[in-house]
Each structure stands twice: as structure tokens, then as C-alpha cells.
Amino acid sequence: MYDVSDRYLRALPYPHTSVTQVDAYFGGELTARDIPISDGGVTVDRGSKARRSLSLTVPDLSLVPWDATDPLAVYGQRLVVRRGIKFADGVEWVPLGIFRINEPSADLYEGPITLTGVTEEATISDDLFMAPVSTAGYPGAVDAITMLIRRTIPDAVIINQTSDSRNPSVATVSWDAGTDPWDAVVQVATAMRAEIYADALGSFVIRDLPDPLTSPVVWEIADGEGGTLIDMGRQMSRTAVYNAVVVSGENSASDAPPVSGVAYDNDPSSPTRWGGPFGRVPKIVTSSLVYTQGDCNSLAAYMLGDLTAPNVETSISSVPNAALEAGDCIRTGAKGRRQLHIAQSFTVPLAPTGDFPITLRGGKDDVDV
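Predicted model only: the values in this text are computed from it and were never measured. Here, residues in each chain are numbered from 1, in the same order as that chain's written sequence. Local features in this predicted model are restricted to residues whose pLDDT is 70 or higher, and side-chain atom pairs enter the listing and the counts only when it is 80 or higher, whereas totals over whole chains, interfaces and linings include all residues. Side-chain descriptors were evaluated using all non-hydrogen atoms of the structure, hydrogens and water having been removed beforehand.

A. Examining the sheet that holds strand E12 (residues 204-207) more closely. Here the rule is simple: two strands pair whenever DSSP picks up at least two bridges between them. Here a helix means four or more residues in a row that DSSP labels H or I, a strand means two or more in a row labelled E, and each is numbered from the N terminus. In spatial order, the strands read E9-E12-E11; together these three strands make up an open sheet with mixed pairing. Sheet topology places strand E9 (158-160) and strand E11 (195-198) at the edges, where each strand pairs with a single neighbour. Each neighbouring strand pair of the sheet contributes to a mean axis angle of 20°, computed without reference to strand direction. By the bridge criterion, four bridges tie E11 to E12 in an arrangement that is antiparallel. Paired with Ala198 across the strands is Phe204, a residue of E12. Whether two residues are in contact is decided by their heavy atoms, any of which lying within 4.5 Å being enough. Axis lines are fitted to C-alpha atoms, over the contacting stretch for helices. Their N-to-C directions set the angle, which ranges from 0 to 180 degrees. Those strands touched by helix H3 (residues 141-150) are E9, E11 and E12, and its axis lies near 160° from that of E9.

Structure follows, in C-alpha cells:
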């Protein structure tokens, strides 16, 4: 979660004034400040290629883009979005993202202007390799990720937030011309047992896969006096739930034979245990970045925890908390039951009022409460 004050969090359950600001930049220069908006939202989703996406409605028809340098055109323009709480002594702002503008459109007589945007993962993805690219000469996974990102965004900030700030050695791998560079970045992050995304400030963050039993709780959504819970629904699904992970590694550059590792959900108390009533549902992962038996075993075991997380999608409507990040651990309290969840996706409204739907995954009873 973005670092906000205790005052900010204490204000959420009670009546307060929310404000939003959208500024446009082109070539690093501010071109329009505090663009008027009538509606919109920022969606943050662990399952999306670009972690953050923007939808925006602008009533001011003078901002309809006609020329390539206009603030809402699509030739490299960026929107910087933030939401805050207005206190007596000023506004505490929370960044929501830096978005490349996609597809602005408008009825030229009636309006409004509508547009969408995405964060910088899409910029990396668009810059396809025009010739083979290799990890040769880059000793660690973070070094390789930095190279892959900065070939497109030279001043990109890469932050390694893994628990031990690890930077394991990486196999020599080549990607062919035409390959999506962001896919390559994700492959390297996965091999180092992590995930990567662009955060609300535009930095690229490498982070451990979240676990509701070990990740720190950043926010509590509870019913009753002083709580932020408005409504809560619950849905179960088998989709994206696995009880075994098979990791296969083959790297011709290393002259090593193909290897593979398997991890099973063998917990006898687990509802998804291998061979139990849930059945056998393996996830197959192939990577040229893992080429030893130990690498395969470690990656399979590491991925298993995230993939066996029950896909009990607890959909919550809550008071908006713009500081959340997908992957944060949240404690919920409803119907007398306290559980720990991982925030899978949510949408922060940009209008002063609006729903704040959150999809949570992998509910675990909080035995410490």
C-alpha cells in the first residue's frame, strides 16, 4: 500500500471530502493542469498485463484533440492521476498512476470526451524486439530485467522489493525478433520467484508473490461502528486453481539436458490436495531461464502456494481507499468472521462519490484475531 498517514486511514470510515486531480504531460512538459472530469476510474488488477488502467470522462469539449501535440492526443501524451482527502490544513494526495492515453473520442456537438489509458507495461510491450536479444553479460535476474526495461525507457526506475533483495544468476537466454519484451520481463521475474508491475508512481516494482498467511495486513475492511464495509458477496470458482506445478527447463545455450521439477499440494487438510475430491489439476510451466533440477524444484514449490489459493472471490463494496495496491493483504470482518485475503483487483472511482468494488482471493481464517 502507498505510504499514507494514520490521519488518512482514520478519515476513511467517516464523512470526508475527496478530491481528484488529472494533469496532462507531453514530452515531460505539463500541458494541462487539473483537467475537469465528470466520471472515471482507475482499475488495478494483478491479472492484467498492464497492472493499472484508466477510464475517464471529460466534459470540456475544448480539450477534444485535433493536433498531435494537444493534451489528450495519443502521440506520447501522459495523464498523471491522483486522488486525495481534503483536510482543514490541505489535501493529502495519493498517486493513482501515470497513464499513456489510448483512444480518446467525443461527440463534437454534445460531448463528452471519453478516453482510456494504461501504465508503462504497455510501452515496453509495444517495443517488439527488432533483432534477437540475449541475457548474456547480465549476471543477475534484476540486471536482465533492468536491461529489458531500459532499452525502451532509459530512465526507468526499477525497485527490487523481494524479501531478501535477491538477484539470482540468470541463464543465458535469447529471444527472437518479434518477441514481446514485457513477456520476457515477466519470464525473468517468474524465474526469480517474483512478480513485476508498474506502480502508481511509474516505477517498476519486483515483489514476492503475496501470501495471506505471511504478508503484512495493510488495511481492515469491517462492518459495524467505524468500519468501511458497505456490502459483501462471495463466489467460488475452480478457475485458475491448481494442485500441482510442473516446471520444465531447457536451455540450449547452457548445453545442459532438459530438467523438470514438480510440487504437489500434499496437505491432507487442504480441499485442493492432490488426489483428493478436487481431482488432479496440474499447472505446466516451461522456461528456458531455469535449467537445473534445483531451479525447477524451487520455482515449482514457490508457485504452488499462489496457485492453490482458493479462488473464493470475495467481492466487497467499501469506502474507497486509493492507497491500496493489488497484491496487498487485507483483513475482512463480516458476519462475525475475520479472514485474510489478497486484493486481486479493484477500481478506484475518480468522481467524489462512487462504488469501490474489490475482488479478494484466497481467504484464510485469521487465527490471531
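B. Quick peek at the sheet that holds strand E17 (residues 282-287). Pairing is mixed in the open sheet, where three strands are placed in the order E16-E15-E17. Strand pairing shows two members of the sheet lacking a second neighbour, strand E16 (259-264) and E17, which therefore form its edges. On average, adjacent strands in this sheet sit at an angle of 15° to one another, irrespective of strand direction. As defined by bridge partners, strand E15 (residues 244-249) adjoins E17 across six bridges and the pair is classed as parallel. Across the sheet, residue Ser248 finds its bridge partner in E17, namely Thr286. In the packing of helix H5 (residues 293-307) onto the sheet, the strands contacted are E15, E16 and E17, and the crossing angle to E16 comes to about 30°.

C. Local environment of H5. Its 15 residues place the ends of H5 21 Å apart at the C-alpha level, agreeing with the 21 Å of an ideal helix rising 1.5 Å per residue. Using a 1.4 Å probe on the protein chains alone, a residue whose accessible area is under 20% of its type maximum counts as buried, one over 50% counts as exposed, and one in between counts as partly exposed. Restricting attention to buried positions, one finds in H5 the residues Cys296, Leu299, Ala300, Met303, Leu304, Asp306 and Leu307. Down the axis, H5 shows its buried residues gathered within 155° of arc, on one side only. What a helix should span is 1.5 Å times the count of its residues minus one. Note that the arc is defined by the directions from the helix axis to the C-beta atoms.

Shape is all these values report; function is a separate question.
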